[in-house]
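The lines below spell out each chain.
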Amino acid sequence: MINRIRDIRKAKGMTLAELAEACDPPTTAQTIGRLETGMRNLSIKWMDRIGAALGVDPESLVRSEGGAQPQVVAELGAHGAEALESPREAVLPTDLAAQGTGNPLMVLAVQESTGEYRPGDLIWLHQLDPEHSGEAINRDCLVPRPGGRFAFGRLIDRRGTLVGLLPPGAGQKQQVVDNPPWIAVAVMLVRPL
């Protein structure tokens with residue numbers, strides 16, 4: 001089995017100390033480092049704790065050695081592309097789904113240029129219950145409307161059951177949706193070249 005904790009932690013932008021603190025109960029950065037490197041046994045209990053702290057399904061923390069996975073081989077910075085000391089496994093959008101919520105990932109396909117989005121873009125979204133809409137403030141969201149329609153834009157306001165979205169196109173007016181059953185927040189953009 002291949003341990004993927006470090007790859008997922010880095011993809012989420014967390015340090016060892018931040019992940020250790022996010023565990024319930026909290027642990028030490030040293031313990032997380034040992035679990036990542038295999039110096040300490042990664043039990044089911046540890047997988048559950050770390051998966052919850054990272055917001056991923058615990059099963060995504062390891063994978064079998066059989067299948068080839070995409071690799072991150074370099075990082076692009078201000079001074080150009082720099083090789084990594086050693087390649088690391090890329091984290092796929094499906095690995096970023098929040099564990100234990102039962103809320104699915106969904107994808108919004110862009111057909112025409114609007115705001116920063118281009119035709120062919122795929123916007124991966126994670127569905128939230130409306131009571132967690134605070135996590136989506138000032139982020140792009142998809143919200144269902146009556147009659148099988150949707151509203152998409154930056155979530156700029158939440159008052160009671162009303163949700164205010166600012167569409168990405170220039171000059172568009174705020175859209176307000178009353179009492180949506182869910183809110184899907186953008187978590188990843190996949191853009192074909």
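Counting restarts for each chain, with residues numbered from 1 along the sequence as it is written. Where local features are concerned, this predicted model is filtered to residues with pLDDT of at least 70; where side-chain atom pairs are given and counted, the filter is 80 or more; whole-chain, interface and lining totals use all residues. The side-chain quantities take in all heavy atoms of the structure and omit both hydrogens and water.

A. Region of interest: unusual backbone geometry. Here the residue pair Asp24 and Pro25 is connected by a cis peptide bond, since its omega of -5° sits within 30 degrees of zero. To qualify as a helix, a DSSP run of H or I must reach at least 4 residues; to qualify as a strand, a run of E must reach at least 2; elements of each kind are numbered from the N terminus. Structurally, Pro25 can be placed in the loop between helix H2 (16–22) and helix H3 (29–37). For Asn179, which is not a glycine, the phi torsion comes out positive at approximately 55°. Its location among the elements puts Asn179 in the loop between strand S10 (175–178) and strand S11 (183–190).

B. Structural detail: the environment of Leu76. Here Leu76 is to be found in strand S3 (residues 71–77). Between buried and exposed lies partly exposed: a residue is buried under 20% and exposed over 50% of the maximum accessible area for its type, with that area taken using a 1.4 Å probe on protein chains only. A relative accessible area of 75% means that Leu76 is categorised as exposed.

C. Geometry of the sheet that holds S11. An order of S5-S6-S11-S7-S8-S9-S10 is seen for the 7 strands of this open sheet, with the pairing classed as antiparallel. With one partner strand each, in any of the chains shown, strand S5 (105–109) and S10 form the two edges of the open sheet. Direction aside, neighbouring strands of the sheet carry axes that sit 45° apart on average. Strand pairing requires that DSSP identify at least two bridges connecting the strands. Pairing geometry for strand S6 (residues 122–128) and S11, over 7 bridges, is antiparallel. Bridge assignment links Trp124 to a residue of S11, and that residue is Met188. Here an angle of 0 to 180 degrees is reported between the N-to-C directions of two axes, which are lines fitted to C-alpha atoms, with helices fitted over the stretch in contact.

D. Quick peek at the nonpolar core. Remark: nonpolar core denotes a set of buried residues (Ala, Val, Leu, Ile, Met, Phe, Trp, Tyr, Cys) joined through side-chain atoms within 4.5 Å. By size, the foremost hydrophobic cluster in this structure holds 18 residues, and its most contacted members are Leu19, Leu42, Ile50, Leu54 and Leu61. Taken together, the elements giving at least two residues each to this core come down to helix H1 (5–11), H2, H3 and helix H4 (44–54). With 5 residues, H4 is the single largest residue contributor to this core. Between two residues, a contact is recorded if the distance between any of their heavy atoms is within 4.5 Å. Aside from chain neighbours lying at most four places away, what touches Leu54 is Ile8, Arg9, Lys12, Met14, Leu19 and Leu61. Listed in part, the 11 residues of the second largest apolar core include Val143, Val177, Ile183 and Val185.

Function cannot be inferred from these measures alone, as they are strictly geometric.
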